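The primary structure of each chain is shown beneath.
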Amino acid sequence: MKTAIWLYLFMFIAFFDLHAQFPILSPYAISLGAAPSFIGLIMGMYSLTHIPGNILAGYGVDRYGSKYFIIFSLIIAGGLLIIQSSVTDPWQLLVIRSISGFILAFLSPACLSLLAKIAKDQIQQGKLMAGNGLVHTLASIVSPAAGALLVAKVGYSVAFNLLGWILIITGVLAFWGIQNIKSTSIEKKLPHPQTLFGTEDQKIPWLFYALPLALACSQGILFFELPLIPISRNSIFASGLLFSIVSLGALCTLSLLFLNRLSPFLRTAAGCLFLALIFFDMALHQLFPLAISLFLIGMAKGIIYPAMATYLTHMSNVSKYGRIFAILAISMSLGAFIGPVIAGQVREVVSPYLFAFIFLFISLSMLPYPNRFTIFTQRKV
């Protein structure tokens, strides 16, 4: 578990650094002269260039382990942030963000694969995935407000330089703190996965990946919209606080450790339905104030993401963890590209949150239902 502790520490620093950019990227692009539709393209291209990186990461992590992919991603991404601090027009920002998207595509599959390989059974896998979500959430609670406050104090250039050096230093420290774990060394710990869909080769149904695509699409729409609403435009610090509210909601449900004993399929489906209904309410501007809606969105995310990752590990062999998490990241990258682009084009005509609701509801209807369904996760595989 020493590797898990070090990994959580490095992930916290990396996620803190990356989430600190969320509330400041859109105002930064506006300061360079970008229109809202072009901002959506910048955010979307960052996610679109994740795809080739995810493909390379999937096979690379399975073959060579996670360690060097984590180090490579952190150091190069830090250097790109330093370069980003000196861009002078939106097109330069688009290029830098596109390259950053490719580089950081290696980070998520490498981290999730390493966490999954550490586990001894399904319960521990669920806890480690929840721990990943908890670390991610803790970092994202304070980082948006911290990033916005940092820009307010020292400006965009100094802020991006500082964030870049933090990533570089984290990558260097990861060289000593993270140990590689090969698939062959732990295959005896986790037996062949459950036959959840009545097939012997355990091929994960492609319809499953419609869910992470829709989740990322809805999140991309939300992250595009929040910095552009009036309260955010009047105060960049207020924009950071709105992102932090989402993370507080996720922390609330991630802290409910007893949820890990429930079936990951049940948690995934229930959380997705809950999230879709929240976006439907936001599209109609009806029941809840914005702060409460954002908190509820965070609660739903805190349920869905660990459950979805655990569900994947239950359906796959240890030797394929890198590939399945790469495909997961690819589907989320596509969604994160589609979401901001759609929001940038339709926000003057209809609420983009309506599209978030539609995508989530469709993906929920396509979620494969397992043949062997139990309410509780089995304690032993």
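Residues numbered from 1 in each chain as written. Predicted model: local features only at pLDDT ≥ 70, side-chain atom pairs only at ≥ 80, totals over all residues. Heavy atoms only, no water.

A. Summary view of helix H13 (residues 264-284). Compared with an ideal rise of 1.5 Å per residue, which puts 21 residues at 30 Å, H13 spans 31 Å between its outermost C-alpha atoms and is within 8% of the ideal. In this structure Ser 263 caps H13, since a side-chain oxygen of it lies 3.2 Å from the backbone nitrogen of Phe 265. Downstream of H13 by a residue or two, His 285 has a phi angle that is positive, lying close to 55°. (Helix = DSSP H or I, 4+ residues; strand = E, 2+ residues; numbered from the N terminus. Expected span 1.5 Å × (residues − 1). Polar contact = N/O pair within 3.5 Å; in protein donor to acceptor, adjacent residues only side chain to side chain.)

B. Highlighting the side chain of Ser 331. When you line up the elements, Ser 331 lands in helix H15 (residues 321-346). Note on Ser 331: relative accessible area 6%, which makes it buried. Among the polar contacts made by the side chain of Ser 331, one reaches the main-chain carbonyl oxygen of Leu 328 at a distance of 2.7 Å. Setting aside residues no more than four positions away along its own chain, Ser 331 makes contact with Tyr 209, Pro 212 and Leu 213. (Buried < 20%, exposed > 50% of the residue type's maximum accessible area, 1.4 Å probe, protein only. Contact = heavy atoms within 4.5 Å.)

C. Seen up close, the packing of H13 against helix H14 (residues 290-314). Remark: H13 packs on H14, axes separated minimally by 8 Å, with the N-to-C direction vectors making an angle of 155°. With respect to each other, H13 and H14 are oriented roughly antiparallel. The handedness of the crossing between H13 and H14 is left-handed. Facing H13, whose interface residues are Pro 264, Phe 265, Arg 267, Thr 268, Gly 271, Cys 272, Phe 274, Leu 275, Ile 278, Phe 279, Asp 281 and Met 282, H14 presents Leu 290, Ser 293, Leu 296, Ile 297, Ala 300, Ile 303, Ile 304, Ala 307, Met 308, Thr 310, Tyr 311 and His 314. A class-by-class count of the residues in the contact of H13 with H14 yields 17 nonpolar, five polar and two charged. (Axes fitted to C-alpha atoms, helices over the stretch in contact; angles between N-to-C directions. Parallel < 35°, antiparallel > 145°, perpendicular 65-115°, else oblique. Left-handed = near helix turned anticlockwise from the far one by under 90°. Nonpolar A, V, L, I, M, F, W, Y, C, P; charged D, E, K, R; others polar.)

D. A look at a nonpolar patch on the surface. Together, Tyr 68, Val 172, Phe 175 and Trp 176 line one region of the surface with nonpolar side chains, adding up to about 460 Å² of accessible area. At three residues, the largest contribution of residues to the nonpolar patch is made by helix H9 (residues 156-177). You can see Val 172 is positioned in helix H9. (Patch = residues over 30% accessible without salt bridge, like charges linked within 9 Å, V, L, I, M, F, W, Y side chains within 5 Å. Areas by Shrake-Rupley, 256 points an atom, 1.4 Å probe, with all protein chains shown as cover. Salt bridge = Lys/Arg side-chain N within 4 Å of Asp/Glu carboxyl O.)

Treat this as a map of the structure, not an account of what it does.
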